[in-house]
Each structure stands twice: as C-alpha cells, then as structure tokens.
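# A closer look at the structure
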Amino acid sequence: MKQRREGWVGWLFAAPWVVGFTLLMLYPLVSSLVASFTNYSILRQPKFIGVDNYVELSKDTVFHQSLANTLLYALGAVPLGTVLAIALALLLNAKVKGMPVYRTLLFLPTLVPMVAQATLFLWVFNGDYGILNALLRKIGMNPPNWLGEPMWAKWTLVAIAVWGCGNAMVIYLAGLQNVPPTLYEAAELDGAKAWAKTRHVTLPMLSPVILFNVVMGIIGSIQVFAVPQVMFPGGAPARSTYMFAMYLYDNAFQFQRMGYASAMGWIMFLIILGLTLVSLRLSDRHVHYETS
Amino acid sequence: MRPAKTFWTHAALVLAALVFGIPFLWMLSTAVKPIGETLSNPPKWIPSQVLWSNFPDAIMYGSKQAGFIPFVVYLRNTVIITALAVAGSVVSNAVVGYAFGRLKWPGRDLFFGVTLATMMVPFPVTMVPTFSLFKWLGWVGTFKPLWVPAYLGSAFSIFLLRQFFRTIPNELSEAAKIDGASEWVIFTDVVLPLARPALAVVALFSFMGAWNDFLGPLIYLVDQRTFTLSLGLQAYQTQHGGTPWNLLMAASLLVIAPIILVFFFAQKAFIQGIATTGIK
C-alpha cells in the first residue's frame, strides 16, 4: 500500500519532464522520422515518398560537402580541445596565489555568446587589419587571409572551438579535486615523480570524466551552427565552412523542404549515436571506474 | 610547493591567460578607437585618443532607421527570456531531479536510462516538428517557444541534480518523515536548502544557454522589435551593410560584460558545485 502511494508521488514529481519528454522529445523524434519519408513543407500537404529523401541525400554533393566539413571540424576540435582542457585543468589545480583570477581569465571565452565570439574572431582573423596577422607579420611571416581561403577558413572555426574549451576545463578541474589525496601520497611513497603521478594516478582517476567530455564534445561539434553561420553566411569561401546544421537549417527554413531536412536530422542523430557507441567501446579498457 | 615549480606554474598560467586574453584586449582596444584607426596597418594597440563615446554610439546605432533604440529593446527582450528560462529550469529540474534521485516509483530506472539517452539527440532532429507544434499553438513570433520548454526539464540538468540529491544522507529524509513531513515538505525544507551549490550550477548553465541562444531566436522571432541580443548583434554586422568595427566591438563588449561580472563573483561556488555534483 505504502509502495503504491510513493510510486504515485514519484510520477507526480517527475511530471514536468514526463510532459517535456513526450511533447518536446518523443513526439518530435517520431514525427520527424515519419516526415523524413514525405515531401513535407509548411506550404503544402505532406505526401509519402518512401525513401526518396534518403536516396537524394546519397547523391547530394552539397550534403556530402557539409558532412565532410563537419566531420573534419569535429576531428580537429574534439582532440585538440580535450588535450588543452586537461592541460589547463592540471595547471589550474595547482596551489599557487591568484588562482581565482587565472580561473576566471581562462573560463572567460566560454562565457562569450557564440555570436559575439564570431564577431570578435572575424576581426581577429581579418587578413588586412586583424591582430593575428599583425603579430605574424611582426615575426617575419607572410600570413594568409585566413577567412578568405577555403584551405584555412575551417580551421579558424576549430581555433575558436578550442579557445572556448572552458566548460570541459571546469569539469576536469572538478574531477581533479575529487581525486583522493591519499592516492598521491601512496604514489610518492613508491617514489613516483610528477609525470608518473599524472600518468598513473590522475589520468586513470579522471578517465570517466574524459569519456563524458569527449562524448559531449562530439555531440556538440556535429551540431555546430551559430559561429559558422554568423562568420561565414552560406559557408563561404567555396562552401568550405558550410556545416551539416547550416544546410539542415537552410533546407528547413529557407528552401521549405522540411521532409528533406528531417531526413538529414535523422542521419545526424544516427551519426552521433554511432560515434558515441564507438567512443564507449574504444574506452572500455581504458576507463577506470571506482567501485563504490 | 618548491619555489622553482611555483615559478614555472605561474609562467605557464600567465602564458595561457595571455593567449586566451589577447582577443579580449583586442576587442577592448578596438571598442575605444576612432573609426580611422581601426583600419590602420600595422594595427595600433593604444588608440591616439580613448573614445568612450563609442559605447553610447553603439547603443544608439541603427535607431534612426528602426524608430526605436535596437540595443535597449534587444537587451530588454534577452533579459525577459533569460529570467523566465532560468526560473523555469531551476524549479522544474529540481523537482524532476528529486523524483529520480530520492523517490522510488515503478519505471524510474528505465525512464532515467531513456532520459540520459536523449542527451544524444541533436537539436536539429526535433527542430522541424517542434517548430510545427509551436506554429500550431500560434507561438511563432512570440517569446514562448524560447522559455516555456525550460519549465519542462532538460536531461542534462536532471542528471546533474539527481547525482547531487543522491549524495544527501537518507537519514535526513527519514527523520523528517517520522515527524510527519510530507514528501513536498521534505523536498522544499530538507533537501533543497542543502542543494544550493548544485542549483547554482543549473542556474548558471541555463542562464548561459538562454543568454547565448542563437538558433532558437533565429527560428522563432520574426519582428525586429522582438529580437534578442544574439540576433541583434548578427543584424548589426550584416543588415546595415557592415557596421564600423569599433562600434561592433563596443556592442559586443556590452553584451559580454554582465556575464563576466556574474561569473567572477560566482566562480568559486560554481566550481565547487560541479565538484559536488560529481559528473561521472
């Protein structure tokens, strides 16, 4: 009897999410799966067209390019961001004076709204008047016009992502503070030096957090939208910065092809699902969980 | 720590802070320059005169064409949406996190697994049907699509709070129960006061999410009078055929400043909050 009553209370407490999950997650997921097999648009009644959208996607060179751009971006941003965020977190975990100031400074970029980031970096990377090229010229280099050349434009986006790795950094920092000091003391007794302690104590203890951040990083980078959309409208130069989410947005709201966009959305979902499962599988042997 | 090691730690920190900080200094320098000096080659770090008037100019920019002061209107809209969204996300995620973390109910663990899995669902998949739903409700063009969902929970915050709630000793709830407290009273009077750091983290994340959101406003807001700062900043840059760089940087700085202030004073609680929630 008591069990029954408590069960009822539990569902009541969970009610906001039951509604949110049903209306804003389950319904849209199913609905977009159905829409992906139709020629749905806001303008006309949807008609069932089977797998036509998926067949068209397999031949759509713009789609292929946006997919390749996005994967390259993720391949740059996730590993670089992970290494840098861990390195910075290790630094920020040291016991030296002035730490609140350092922590704030290194976290600042993460706080900058995406659109402001995009605006700022249009100016930093500006070929003629930007500060980056001014510095590079000062040391005798002949820097390219980063934003105007297809070869480079994509990498400015990777640089911005790495610059904003503060969220992951803070989560690593929190993870570091949860490592029991006794483990380090034990390692010291065994004569471990700084690197050995990092390698054999810190990183294994941090591994679940690393996995979490890598997975979140993959999920975020595949969806990258605001910064490229503001910096490179239409994916200029030569569509080298045209990302998956930008093409999807254009199909849904510019070209009024919502069925096609839904098919793209599902492909994005499957890619994320696949990459997440691969990360989990690859990490199986390396991630150390405390058994508590 | 040994002095040599302390020295190198400081050196590395200063170097990192410099690399991360240069874009900000560049923004600040540009924001107070006369327009002529923004296009000097090589660039000048220190302007010949500091033009504070760039800030009021940036705020007033475009007000003649628009018939109102865009920056002030955008700021008001952003504050309204953000405040509603933060309040909603703290309340709803706390309640739902409590259900998952401290109550027993049939189907809980299965539903929690499904909830975690939804973190992998990218926004673009649900974007089109959600848009159709809000259009059907007549909400397109209003703020509602941007803040109402915050009242219905989000997987990441639910997860964060559930983890935190589980660390609070069960004896506290049991004792209150013996005193005849209802589940709601235990939630509000026993558990919530202990959960302040975790709630602060949820509030900060949702503040940043709402304040920075770009895709949401881009899809749902139509009239310039309803734009948010993110949308407005983009409009500054493109619509007016290129806003002068000094005003653009001044406007960006004005958008960023409140967030930086909030974080500077909250950073300790924020990091502790994340540490105690124990993301694993």
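Bear in mind the structure is a predicted one, so any value in this text is a computation, not a measurement. (Residues numbered from 1 in each chain as written. Chains lettered and ligands numbered in written order. Predicted model: local features only at pLDDT ≥ 70, side-chain atom pairs only at ≥ 80, totals over all residues.)

### As for the overall build of chain A
Tallying secondary structure elements over chain A gives 14 helices and zero strands in all. Going from N to C terminus, chain A has its helices and strands arranged as α-α-α-α-α-α-α-α-α-α-α-α-α-α. C-alpha extents for chain A along the principal axes are approximately 80 × 70 × 35 Å. Residues classed as buried in chain A amount to 42% of the 292 residues present. Contacts in chain A between residues far apart in sequence, at least 24 positions, make up 70% of those at least 6 positions apart. (Helix = DSSP H or I, 4+ residues; strand = E, 2+ residues; numbered from the N terminus. Buried ≥ 20, exposed ≤ 12 C-beta atoms within 10 Å, placed from the backbone. Contact = placed C-beta atoms within 7 Å.)

### Section: the overall build of chain B
From N to C terminus, chain B includes 15 helices and zero strands. Overall, chain B is about 75 × 65 × 35 Å in size when its C-alpha atoms are taken along their principal axes. In chain B, which comprises 280 residues, the proportion classed as buried is 43%. Intrachain contacts of chain B at a sequence separation of at least 6 include 75% that bridge at least 24 residues.

### Some points on the environment of B:Val125
Considering the arrangement of structural elements, one finds B:Val125 in helix α7 (residues 123-136). Under the C-beta neighbour-count criterion, B:Val125 is labelled buried, with 27 such atoms within 10 Å. If we ignore the near neighbours within four places in the chain, the residues touching B:Val125 are A:Leu29, A:Ser32, A:Gly265, A:Trp266, A:Met268 and A:Phe269.

### Side note on the packing of helix α4 (residues 61-92) of chain A against helix α13 (residues 244-254) of chain A
Residue and element names in this part refer to chain A. The geometry of α4 relative to α13 is characterised by a closest axis approach of 7 Å and an angle of 145 degrees between their N-to-C directions. Residues Val62, Phe63, Ser66, Leu67 and Thr70 of α4 touch α13, and the partners they reach there are Phe244, Met246 and Tyr247. Along the lines of polarity and charge, the residues of the contact of α4 with α13 split into six nonpolar, two polar and no charged. (Axes fitted to C-alpha atoms, helices over the stretch in contact; angles between N-to-C directions. Nonpolar A, V, L, I, M, F, W, Y, C, P; charged D, E, K, R; others polar.)

### Let's talk about the nonpolar core
Soluble globular proteins: nonpolar side chains tend toward being buried together. Within the largest apolar cluster, 155 residues are counted, with the highest numbers of intra-cluster contacts made by A:Met169, A:Tyr172, A:Val227, B:Tyr98 and B:Ala251. A per-element tally of this core places α4(A) first, with twelve residues. Dropping the residues within four chain positions of it, A:Val227 is found in contact with A:Met114, A:Gln117, A:Ala118, A:Leu157 and A:Ile160. (Core = buried A, V, L, I, M, F, W, Y, C linked by C-beta atoms within 7 Å.)

### Focus on the interface of chain B and chain A
In this assembly, 77 residues from chain B lie in contact with 78 residues from chain A. Secondary structure elements with two or more residues in the side of chain B that touches chain A: α1 (3-31), α5 (70-102), α7, α12 (196-212), α13 (215-220), α14 (229-238) and α15 (245-277) of chain B. Within the side of chain B that touches chain A, the residues separate by chemical class into 53 nonpolar, 19 polar and five charged.

### Quick look at unusual backbone geometry
Residues and elements named next belong to chain A. A cis amide bond links Ala236 with the next residue in sequence, Pro237, at an omega value of -10 degrees. Locating Pro237 in the fold gives a position in the loop between α12 (226-231) and α13. At Ala238, a residue that is not glycine, the phi angle is positive and equals roughly 50 degrees. In this structure, Ala238 sits in the loop between α12 and α13. In this structure, Arg239 is a non-glycine residue whose phi angle is positive, near 60 degrees. Secondary-structure assignment places Arg239 in the loop between α12 and α13. Judged by C-beta crowding, with 18 C-beta atoms within 10 Å, Arg239 ranks as partly exposed.

### Quick look at the confidence of the model for chain B
Per-chain confidence: chain B averages 88 in pLDDT, with 92% of residues scoring 70 or above. The complex model carries a pTM of 0.90, and its ipTM stands at 0.87. (pLDDT = per-residue confidence, 0-100.)

### Focus on the packing of α13(A) against helix α14 (residues 258-283) of chain A
Residue and element names in this part refer to chain A. Taken N-terminus to C-terminus, the directions of α13 and α14 make an angle of 155 degrees; their axes are 7 Å apart at the nearest point. With respect to each other, α13 and α14 are oriented roughly antiparallel. Crossing hand, α13 versus α14: left-handed. Residue-level inspection shows Phe244, Leu248, Asn251 and Ala252 of α13 in contact with α14, the latter providing Met258, Tyr260, Ala261, Met264, Gly265 and Met268. (Parallel < 35°, antiparallel > 145°, perpendicular 65-115°, else oblique. Left-handed = near helix turned anticlockwise from the far one by under 90°.)

### Quick notes on the environment of A:Ile42
Residue and element names in this part refer to chain A. In this structure, Ile42 sits in the loop between α2 (15-35) and α3 (52-59). The sequence separation of Ile42 and Trp195 amounts to 153 residues, and the corresponding C-alpha distance is 59 Å. Not counting residues up to four positions away in its chain, the partners in contact with Ile42 are Gln256 and Met258.

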